[in-house]
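Results of the structural survey
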Amino acid sequence: MTGAASGLGRALAERLAGLEEINRVVGLDERRGDVEGVEWRVLDIRDPAVARRIAGCDVVVHLDVDLSPDTEPRQRSARNVRGAQTVLTAAAASGVPRIVLCTSAMVYGALADNPVPLPDDAPLRARPEGVVADLLEIEWLARRAPRAHPGLSVTVVRPAMVVGGAVDTFLTRHFEAARLLVIRGSRPSWQFCHVDDLLSALEWATLGRVEGSVTVGSEGFLEQDEVEKLVGLPRLELPESLALGAAERLHRLGLTPAPASDLAYVSHPWVVSSDKLLAAGWRPVHDNTTACEALATDVAGRHTALGRRIGRRETATLGAAGATVALLGTAAVVRRARRRKTRGGT
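Right, let's walk through the structure included here. (Residues numbered from 1 in each chain as written. Predicted model: local features only at pLDDT ≥ 70, side-chain atom pairs only at ≥ 80, totals over all residues. Heavy atoms only, no water.)

**Notes on the environment of Glu 228**
Formally: The helix count covers DSSP runs of H or I at least four residues long, the strand count covers runs of E at least two residues long, and both are numbered beginning at the N terminus. Pairs of residues are marked as contacts when any of their non-hydrogen atoms sit within 4.5 Å. Polar contact is defined as a pair of N or O atoms within 3.5 Å, subject to the rule that within protein one atom must be able to donate a hydrogen and the other to accept it, and that residues adjacent in sequence are counted only when both atoms are side-chain atoms.
Relative to the helices and strands, Glu 228 resides in helix H7 (residues 224-231). Along the chain, Glu 228 and Cys 292 lie 64 residues apart, while their C-alpha atoms are 9.9 Å from each other. In this structure Glu 228 touches Leu 180, Val 182, Leu 233 and Arg 235, once residues within four positions along its chain are discounted. Only 2.9 Å separates the side chain of Glu 228 from the side chain of Arg 235, close enough to count as a polar contact.

Given below as structure tokens:
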């Protein structure tokens, strides 16, 4: 398992190390982890030496993927894509028959015409921007690997919005603002995947109980007003053109880490079915309500402005509604510029 020393990887390593069906867990990371019962191999997963370290394994679970909003985008993309490429090639070279990858249901894209729910084999229609571009590239590598390396089986697990266990993504930070941004006329369908359910799904994939492209999430979804009540936040409703225009300019200026296209994920449905897992007998422990409550607990006391985490001192300076003010301020500048252009001014 890659990325086994921390985060999701550590949690899964601990889970797998306790299973009778698994004889040995080898953890690959840049530092030695603290999970007992794991054999540690310390190295960069982009190093071709990975092939020697995984020789003799029956399955490789690749979880060393950086989805942090705080990582410099070019470095993040280079590491994510190169890491997946190296691990897939190493698995084939060392004779590992099966590999499990974890991306996200975001690769389907959030579109107004998406069926609810999306089947596991739905086309991937996401825009290749931001962290989603990394995930789409990993998906492409996963599709190509069995053709390039006959005998290699690849399972890709695509979770809905992951919550619980202090998960930190641009989606969870959406709930750290003073208000929840809502695009006027949109009807978000909120589906969550508690990290405990993701871990059990990854366990099933590791044991070979499901194969191919697999979606995972709580059954059904919540409406926007239900989520607002559960997290205790009011909404900020803006026209789509205003919100997208402001978000695009803020991202271009480097003030927000997420591209404007990511607003689709808080505006349009990308609910998944978990069909393959359910057919195999897997069941989620958490429903959307309990998962949303876990999210509310995790983000309590955190403050985010423009997608960036800010501390108490900055909060006091900027104010609790700093992100909202910045968004509206940028939008106001755009409107003034348009008026001047219309009047022929400078």
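Back to the text.
**Looking at the environment of Ser 77**
Mapped onto the elements of the fold, Ser 77 is located in helix H3 (residues 73-93). Considered as a pair, Ser 77 and Asp 134 are 57 residues apart in the sequence and their alpha carbons are 5.7 Å apart. Beyond its immediate sequence surroundings of up to four residues, Ser 77 is in contact with Arg 82 and Asp 134.

**Description of the packing of H7 against helix H10 (residues 288-299)**
Applied cut-off: The axes are straight lines fitted to the C-alpha atoms, using for helices just the contacting stretch, and the angles between their N-to-C directions are given from 0 to 180°. For classification purposes, angles smaller than 35 degrees are called roughly parallel, those larger than 145 roughly antiparallel, those between 65 and 115 roughly perpendicular, and all remaining angles oblique. For any helix crossing, the convention is left-handed if the near helix is rotated counterclockwise from the far helix by under a right angle, and right-handed if that rotation is clockwise.
The geometry of H7 relative to H10 is characterised by a closest axis approach of 9 Å and an angle of 45° between their N-to-C directions. Overall, the two elements H7 and H10 adopt an arrangement that is oblique. In the packing of H7 onto H10, the handedness of the crossing is right-handed. The segment H7 lies against H10, with Val 227, Leu 230 and Val 231 engaging Thr 289, Cys 292, Glu 293 and Ala 296.

**Quick look at the nonpolar core**
Going by this rule: Within this scheme, the nonpolar core is defined by two criteria: the residues are buried Ala, Val, Leu, Ile, Met, Phe, Trp, Tyr or Cys, and they are joined through side-chain atoms within 4.5 Å. The buried label applies to any residue whose accessible area, calculated with a 1.4 Å probe on protein chains only, is under 20% of its type's maximum; exposed applies above 50%, and partly exposed to all values in between.
Grouped together as the largest cluster of nonpolar side chains are 78 residues, with contacts concentrated most on Met 161, Phe 175, Phe 192, Tyr 265 and Trp 270. Considering every element that reaches this core, the biggest residue donor is helix H6 (residues 195-206), with seven residues. Contacts of Met 161, omitting those with residues within four sequence positions, involve Leu 171, Thr 172, Phe 175, Trp 190, Gln 191, Phe 192, Cys 193, Trp 270 and Leu 295. One finds Ala 49, Val 65, Ile 99 and Val 154 within the second-largest nonpolar core, a separate group that totals 27 residues.

**With respect to the sheet that holds strand S4 (residues 98-102)**
Inclusion rule: Only strands joined by at least two bridges in the DSSP assignment are considered to pair.
Read across the open sheet, the four strands follow the order S3-S4-S5-S10; overall the sheet is parallel. This sheet does not close on itself; its edge strands, each paired only once, are strand S3 (59-62) and strand S10 (213-216). Across this sheet, the average inter-strand angle for adjacent strands is 20°, counted without regard to direction. With five bridges connecting them, S4 and strand S5 (residues 153-159) associate as parallel partners. Bridged to Cys 102 within S5 is Val 157.

**Quick word on the pattern of salt bridges**
Rule in force here: The salt bridge criterion pairs a side-chain nitrogen of Lys or Arg with a carboxyl oxygen of Asp or Glu, the two atoms within 4 Å.
A full pass over the atoms with the stated rule returns 21 salt bridges. Put simply, Arg 173 and Asp 70 hold a salt bridge, and the shortest N to O gap is 2.7 Å. Within this pair, whereas Arg 173 is found in helix H5 (residues 170-173), its partner Asp 70 is found in the loop between S3 and H3, the two being separated by 103 residues in sequence. Using a relative accessible area of 3% as the deciding quantity, one classes Arg 173 as buried. Exposure remark for Asp 70: the relative accessible area of 48% places this residue in the partly exposed category. The partner of Arg 125 in a salt bridge is Asp 113, with the nearest N and O atoms 3.0 Å apart.

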